[in-house]
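Architecture at a glance
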Amino acid sequence: MRPLPLALLAVLIGVFAARAEIVGPARVIDGDTIRVAGETVRLAGIDAPEQGQSCPVPGGVRACGAEARTMLERLIGNRPVICDGDGRDIYNRLLAVCTAGAFDLNAAMVASGHARAFLRYSDAYANAERTARTARRGFWAGEFPAPWDHRAAMRSTASLAQAAPGACRIKGNVSDRGRLYHLPGARSYARTRIDPDRGERWFCSEHEARAAGWRPAAGG
């Protein structure tokens, strides 16, 4: 048997090294994100409404972000969760398919109409979404705005004007370089926007930012 080329071997090692299975009780953060065994896990292939997002229904609106989180909590119950992932997103969350008892949580959230198939990244749940939409399950009973469109609108609004909350003016930003904080007057401060849905936040002091795990951005 011929040995594998070094380049191919390196790729295979990287793939297997990135794969992870974690098991344990889960804390639900939102409709597509949980915390298991010290890991933040993003349910791969789906996108649930953001906290604070509303969905129009005849005669009013539904608090679909809060409802999606409640649905995921119900699906999990008190059962341990098993998550099998093979990659991470730009926020270092494990991208995984998770199960709790008999439930594939990713599939169940889409099938119940409480999340959408994230077709930008995967078509694994496209059929489940079509079925839920036809049956008008969950948020499909009214309009089900895409969570990614909601986030884009929020970022656009934030880019127009963003004031610091009181005296807490240090910006804690999450990027592909990790968690960085920006001081007022630094060259990147004005163009840095804080999006709480991404885990970003304001700090009142450098000590507070460092204690929370942020590090200074280059140039302050």
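We now turn to the structure provided with this report. (Residues numbered from 1 in each chain as written. Predicted model: local features only at pLDDT ≥ 70, side-chain atom pairs only at ≥ 80, totals over all residues. Heavy atoms only, no water.)

Regarding helix 2 (residues 64–76)
Formally: We count a stretch as a helix when DSSP gives it H or I for four or more residues in a row; a strand needs E for two or more, and each element gets its number in order from the N terminus. Expected helix span is computed as 1.5 Å times (number of residues minus one). Relative accessibility under 20% of the residue-type maximum defines a buried residue, over 50% an exposed one, and the middle range a partly exposed one, all with a 1.4 Å probe and only protein chains included. Directions drawn from the helix axis to the C-beta atoms are what define this arc.
Look at helix 2: 18 Å from first C-alpha to last across 13 residues, which is about the 18 Å you get at 1.5 Å a residue. Buried within helix 2 are the following residues: Cys 64, Gly 65, Ala 68, Met 71, Leu 72, Leu 75 and Ile 76. Across the axial projection of helix 2, the buried residues extend over an arc of 135°, all falling on one side. Once helix 2 finishes, Gly 77 follows within two positions and takes phi at roughly 60°, a positive value.

Quick word on the packing of aromatic side chains
The condition is simple: Here the aromatic set is Phe, Tyr and Trp, taking the six-membered ring for Trp, and pairing holds for ring centres within 6.5 Å; pairs whose planes are under 30 degrees apart are stacked, those over 60 apart are edge-to-face, and all others are tilted. Whether a charge sits over a ring depends on NZ of Lys or CZ of Arg being within 6 Å of the ring centre and within 35 degrees of the ring normal.
For the structure on display, the rule yields five aromatic pairs. Ring geometry for Phe 118 against Trp 148: centres 5.4 Å apart, planes inclined by 10°, an arrangement best described as stacked. With Phe 118 in the loop between strand 11 (116–117) and helix 4 (126–135) and Trp 148 in helix 5 (residues 147–160), this residue pair connects regions lying 30 residues apart in the sequence. The exposure class assigned to Phe 118 is buried, which follows from its relative accessible area of 10%. Through pairs of rings, three or more aromatic residues link up here, namely Phe 118, Tyr 121 and Trp 148. It is Arg 116 that lies over the ring of Phe 144; its NZ or CZ is 5.8 Å from the centre. Residue placement shows Lys 171 over the ring face of Tyr 189; its charged tip is 4.2 Å from the ring centre.

Observations concerning helix 4
Every buried residue of helix 4 is accounted for by Ala 126, Glu 129 and Ala 132. Along the axis of helix 4, the buried positions cluster into a sector of 125°, meaning they face one direction only. Among the exposed residues of helix 4, those oriented more than 90 degrees off its buried face are Asn 127, Arg 130 and Thr 134.

Structural notes on a positive patch on the surface
Where we set the bar: Candidates for patches are residues over 30% relative accessible area with no salt bridge; among them, like charges are joined within 9 Å and nonpolar side chains (Val, Leu, Ile, Met, Phe, Trp, Tyr) within 5 Å. Values of accessible area rely on a 1.4 Å probe in the Shrake-Rupley scheme; residue burial ignores everything except the protein chains shown. By definition here, a salt bridge exists when the distance from a side-chain nitrogen of Lys or Arg to a carboxyl oxygen of Asp or Glu is within 4 Å. We score Asp and Glu as negative and Lys and Arg as positive, and we do not count His or the chain ends. Just so you know, the charge point we use is NZ for Lys, CZ for Arg, CG for Asp and CD for Glu.
A contiguous patch of positive charge on the surface is contributed by Arg 177, Arg 187, Arg 191 and Arg 215. By the element assignment, Arg 215 lies in strand 15 (residues 215–216). Classification of Arg 215 as partly exposed rests on a relative accessible area of 43%.

Digging into the state of the cysteines
Here is the rule: Any pair of cysteine sulfurs within 2.5 Å is marked as a disulfide.
Here the structure, examined in full by the defined rule, presents three disulfides. A disulfide bridge connects Cys 83 with Cys 98, and the sulfur atoms are separated by 2.1 Å. Between Cys 83 and Cys 98, the disulfide has an S-S torsion of 115° and is therefore right-handed. With Cys 83 in strand 8 (residues 81–88) and Cys 98 in strand 9 (residues 94–100), this residue pair connects regions lying 15 residues apart in the sequence. Each sulfur of the disulfide joining Cys 168 and Cys 204 lies 1.7 Å from the other.

Quick word on the sheet that holds strand 12 (residues 170–175)
Inclusion rule: For two strands to count as paired, DSSP must find a minimum of two bridges between them.
The sheet built from four strands is open, its strands ordered 14-12-13-15 with mixed pairing. Of all the strands in the sheet, the pair left with one neighbour each is strand 14 (201–203) and strand 15. Here strand 12 pairs with strand 14 via three bridges, running antiparallel. Counted as the bridge partner of Gly 172 is Arg 201 from strand 14.

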